[in-house]
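Here is what each chain is made of, one letter per residue.
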2 protein chains.
Amino acid sequence: MSESPVELVIVGSIGLDTIETPREKRVDILGGSVSYACASASFFSKSGMVGVVGTDFAESHRDLYSSFGIDLAGLQTAEGDTFKWHGVYEANMNNRETLSTDLNVFEHFEPNLPAEYLDCPFLFLANIAPDLQLHVLSQMTDLKFVAADTMDLWINIAHEKLLEVISKVDLLTINDSEARMLTEEHNLVAAAKWILDRGPTYVIIKKGEHGAMLVSSEGVFIMPAFPVDDVEDPTGAGDTFAGGLMGALAKSGEVSDATIRRAMVLGSVAASYGVEKFSLERLNGLVAADIDARADVLLAMMSVTS
Amino acid sequence: MSESPVELVIVGSIGLDTIETPREKRVDILGGSVSYACASASFFSKSGMVGVVGTDFAESHRDLYSSFGIDLAGLQTAEGDTFKWHGVYEANMNNRETLSTDLNVFEHFEPNLPAEYLDCPFLFLANIAPDLQLHVLSQMTDLKFVAADTMDLWINIAHEKLLEVISKVDLLTINDSEARMLTEEHNLVAAAKWILDRGPTYVIIKKGEHGAMLVSSEGVFIMPAFPVDDVEDPTGAGDTFAGGLMGALAKSGEVSDATIRRAMVLGSVAASYGVEKFSLERLNGLVAADIDARADVLLAMMSVTS
């Protein structure tokens, strides 16, 4: 039995994002893969955040993390500025362009884990450089299930390291265009099988507003996304999805094709709330019952028997 | 009780298509909305085809229709050439460009129905000019359920007539980009509700490889498409889907949100077969058991409980 004070460890980026959508521009708002993932996981499990911020990081952001119940023992503060990202969305909100990235304190980040996290059974390597994902993975002693997410940048500049990550995880989550880029397979089932051949037991291909697909040796699960009335900011949707999924899995304690399917629905619902506002604004204040309520609606939308 | 020799009447276009995909070019192959729709419906119901061909139309095409069990009493032959369409697909097979359209015998087509079709309870107005759809609709005497499909061309050049069609049908099927064009709503649920406000009880928004969505006062159903390994030609997929759906509904005889959901799965499976080859080549030779077998696979892919 783990002695860890957390049920799930998540490592990833913490950033101050400047985001331009067709309707609005927001400057230096709280973002980063681990922010979204831990907030989403918190509806289901106690998660520990592993990441780095600069001395400019507002106390109010830490307070927000704590209000989600996130454990911050693995949150380092380094001399310098917090990582910054500036992106702009096209009119359809599906495509975005990165205008600038300032690594800042991220450049010398070494994700050394608090001793009390090392025997935690669930680990989510949210989007971050593959060598940092490997560094975290190497420290864990009693893993039962580890998932990783990635992005196009690492496919391009850290291909071998990314393949090493993939070879060592139980689940890879990746979006559709990135899966096609990584595998050079246009068909998503073929792309998923290419990835399965390289190590993971499960692959989830994220399709944005079109939902997500799970592929394993047990079959294929294709889930729609909850149709959100008004998407204010899609940033972090994939992290929110995967964080919620991992939080739900850690809560259930059991990992199988069936528990992952159910956890995907919950993660997807968390993401559908998340995109209704910028940053963590919509997730903040939600409770597990809100997730369950929308999950029931989504399940009815997926049911052939209505 | 209807005396009609057919369970479902379908009117639409018959064309000789020249289609260019990234891998292949095929010249003057059998196509048109009613060809695909009737062939697909035939797995479930006896359908009657209403359309027009020219004197150039090969006897072998008629034989193919007959081999599907399609009733041809409403198939007119007019002096002149059959309607022709020439299109080219982009590399991703999702977008296509029309290079030429030759109306030929279609220009003076008057879809007058055989007397024995008039009291048929099920009618599908496949994609064709809205005034022709209205002309067919006006002749039917005992309709229980009528569906219509349309395309961007009619939204642009026959907007008022299309709205009149919409006001008179029970179900409208329309693809996602066309639904957004027609309603000026980006969100597909909002687009569907705009259409429901104008008459139909049901709206199905077709999303190509991403499946389809049914919206009615009873709720929303979101169905994925079967992931086809290798799409050879997506032409007619929407017609195959809707034709199969209507054939399955006519067979069940009962129309409700639940029977439409089930019929959508069957229509979608028929379409997933259809795109594996050009024209009706893949549908030809399939039997209802093939549809059922793949439907079982798709249903398992949609099930949260795996």
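Counting restarts for each chain: residues are numbered from 1 in the order of the written sequence. Each chain is given a letter, starting from A, and each ligand a number, starting from 1, according to the order in which they appear as written. In view of the model being predicted, local features appear only for residues whose pLDDT reaches at least 70, and side-chain atom pairs are presented and counted only at 80 or more, with totals across whole chains, interfaces and linings using the full set of residues. Side-chain measures here rest on the full set of heavy atoms in the structure, leaving out hydrogens and waters.

### Some words on the interface of chain B and chain A
Thinking step 1. The contact criterion used is simple: two residues touch if any of their non-hydrogen atoms lie within 4.5 Å. Across the boundary between the two partners, chain B contributes 29 residues, which contact 29 residues of chain A.
Thinking step 2. Computed with a 1.4 Å rolling probe, the buried area is the accessible surface lost when two parts are put together, summed over both parts. Both faces combined, the contact of chain B with chain A buries some 2200 Å², and carbon together with sulfur accounts for 58% of it.
Thinking step 3. Contact with chain A buries surface across chain B, with Ile222(B), Met301(B) and Val304(B) losing the most and accounting together for 27% of the total.
Thinking step 4. Basic side-chain nitrogens of Lys or Arg form a salt bridge, by our definition, when they fall within 4 Å of a carboxyl oxygen of Asp or Glu. At the boundary of chain B with chain A, the tally comes to two salt bridges.
Thinking step 5. With its nearest N and O atoms 3.9 Å apart, the salt bridge here joins Arg180(B) to Glu209(A).
Thinking step 6. Definition of a polar contact: a pair of N or O atoms within 3.5 Å, with one able to donate and the other able to accept a hydrogen when the atoms are protein atoms, and with sequence-neighbouring residues admitted only if both atoms are side-chain atoms. Taken together, the connections running from chain B to chain A amount to eight residue pairs in polar contact (both at pLDDT 80 or more).
Thinking step 7. Helix and strand definitions follow DSSP, with helices as H or I runs of at least four residues and strands as E runs of at least two, each counted in order from the N terminus. Taken together, the elements giving at least two residues each to the side of chain B that touches chain A come down to strand 13 (219-223), helix 9 (257-274) and helix 10 (288-302) of chain B.
Thinking step 8. Broken down by element, the residue count for the side of chain B that touches chain A peaks at five residues, all from helix 9 of chain B.
Thinking step 9. Taken together, the residues that form the side of chain B that touches chain A break down as 15 nonpolar, seven polar and seven charged. Three residue categories are used. Nonpolar comprises Ala, Val, Leu, Ile, Met, Phe, Trp, Tyr, Cys and Pro, charged comprises Asp, Glu, Lys and Arg, and polar comprises the others, including Gly.

### Let's talk about the relation of the copies chain B and chain A
Thinking step 1. Mapping chain B onto chain A leaves a residual RMSD of 0.0 Å; the transformation is a rotation of 180° accompanied by 0.0 Å of translation along its axis. Here the two chains are linked by the operation of a two-fold rotation axis.
Thinking step 2. The residues that chain B uses at the interface reappear at the interface of chain A in 100% of cases, marking a shared surface. Here the copies are matched by least squares. The fit uses the C-alpha atoms of residues with pLDDT of at least 70 in both.

### Re the packing of helix 9 (residues 257-274) of chain A against helix 10 (residues 288-302) of chain A
All names here are of chain A.
Thinking step 1. Running from N to C, helix 9 and helix 10 point in directions that differ by 110°, and their axes come no closer than 9 Å. Judged by the angle between their axes, helix 9 and helix 10 are roughly perpendicular. Classified by chirality, the crossing of helix 10 by helix 9 is right-handed. For the pair formed by helix 9 and helix 10, the contact residues are Arg 262, Val 265, Leu 266, Ser 268, Val 269, Ala 270, Ser 272 and Tyr 273 on the first element and Asp 290, Ile 291, Asp 292, Arg 294, Ala 295, Leu 298, Leu 299 and Met 302 on the second. Angular values range over 0 to 180 degrees, each being the angle between N-to-C directions of two axes fitted as lines to C-alpha atoms, with helices fitted over their stretch in contact. Angle categories are assigned with fixed cut-offs, so that under 35 degrees is roughly parallel, over 145 is roughly antiparallel, 65 to 115 is roughly perpendicular, and the rest are oblique. Left-handed describes a crossing whose near helix is turned anticlockwise from the far helix by less than a right angle; the clockwise case is right-handed.

### Some words on the pattern of salt bridges
Charged atoms that come close allow side chains of opposite charge to pair.
Thinking step 1. Evaluation of the coordinates by the stated rule reveals 22 salt bridges over all chains.
Thinking step 2. A cluster of three or more residues bridged by salt bridges with shared partners is formed by Glu24(A), Arg26(A) and Glu281(A).

### What to know about the sheet that holds strand 8 (residues 122-125) of chain A
Residue and element names in this part refer to chain A.
Thinking step 1. In short, DSSP must find at least two bridges between two strands for them to pair. Taken together, nine strands build an open sheet; the order of strands is 5-4-1-8-9-10-11-12-13 and the sheet is mixed. Of all the strands in the sheet, the pair left with one neighbour each is strand 5 (75-78) and strand 13 (219-223). Ignoring strand direction, the axes of neighbouring strands in this sheet form an average angle of 15°.
Thinking step 2. In the sheet, strand 12 (residues 212-216) pairs with strand 13 via five bridges, with the strands oriented antiparallel. Opposite Val 215, over in strand 13, you have Val 220 as the bridge partner.
Thinking step 3. Across the sheet, helix 1 (residues 33-41) is in contact with strand 1 (8-11), strand 4 (47-54) and strand 8; its angle to strand 4 comes to roughly 155°.

### Section: unusual backbone geometry
Thinking step 1. Positive phi is not limited to glycine here, since Asn104(A) has a value of about 55°.
Thinking step 2. Tracing the backbone through its elements, the reader meets Asn104(A) in the loop between strand 7 (96-102) and strand 8.
Thinking step 3. Even without being glycine, Asp28(B) reaches a positive phi, approximately 50°.
Thinking step 4. Its location among the elements puts Asp28(B) in strand 3 (residues 25-31).
Thinking step 5. Residue Asp28(B) is classed as partly exposed on the basis of its relative accessible area of 31%. Three labels apply to residues, based on accessible area from a 1.4 Å probe with only protein chains included: buried if under 20% of the type maximum, exposed if over 50%, partly exposed otherwise in between.

### Details of the environment of Ala250(A)
Residue and element names in this part refer to chain A.
Thinking step 1. Among the structural elements, Ala 250 can be located in helix 8 (residues 237-252).
Thinking step 2. The exposure class of Ala 250 is buried, given its relative accessible area of 8%.
Thinking step 3. A C-alpha to C-alpha distance of 9.6 Å links Ala 250 and Ala 263, two positions 13 residues apart in sequence.
Thinking step 4. Once you skip the residues sitting within four places of it in the chain, Ala 250 turns out to touch Glu 7, Leu 8, Ser 45 and Phe 122.

### With respect to the sheet that holds strand 2 (residues 15-20) of chain A
Residues and elements named next belong to chain A.
Thinking step 1. Read across the open sheet, the four strands follow the order 3-2-6-7; overall the sheet is mixed. Each edge of the open sheet is held by one strand with a lone partner, namely strand 3 (25-31) and strand 7. Sheet twist, expressed as the average angle between the axes of neighbouring strands with direction ignored, equals 20°.
Thinking step 2. Examined bridge by bridge, strand 2 and strand 3 share five bridges and lie antiparallel to one another. What sits directly across from Asp 17, in strand 3, is Ile 29.

### As for the packing of aromatic side chains
Thinking step 1. Two rings from Phe, Tyr or Trp (for Trp, the six-membered ring) form a pair when their centres are within 6.5 Å of each other. A pair whose planes differ by under 30 degrees is stacked, one over 60 is edge-to-face, and the rest are tilted. For the structure shown, the criterion picks out twelve aromatic pairs over all chains.
Thinking step 2. Residues Phe57(A) and Tyr65(A) carry aromatic rings whose centres are separated by 6.1 Å and whose planes lie at 25° to one another, so their mutual orientation is stacked.
Thinking step 3. Residue classification places Phe57(A) among the buried residues on the basis of a relative accessible area of 6%.
Thinking step 4. Arranged with centres 5.7 Å apart and planes meeting at 40°, the rings of Phe106(B) and Phe109(B) form a pair that is tilted. Each member of the pair Phe106(B) and Phe109(B) is classed as buried.
Thinking step 5. Ring-pair connections join several aromatic residues into one group, and the members of that group are Phe83(A), Phe106(A) and Phe109(A).
Thinking step 6. Two thresholds decide whether a charge sits over a ring: the Lys NZ or Arg CZ must be within 6 Å of the ring centre and within 35 degrees of the ring normal. Sitting over the face of the ring of Trp194(A), Arg198(A) holds its NZ or CZ atom 3.6 Å from the ring centroid.
Thinking step 7. Over the aromatic face of Tyr273(B) sits the side chain of Arg294(B), whose NZ or CZ is 3.8 Å from the ring centroid.

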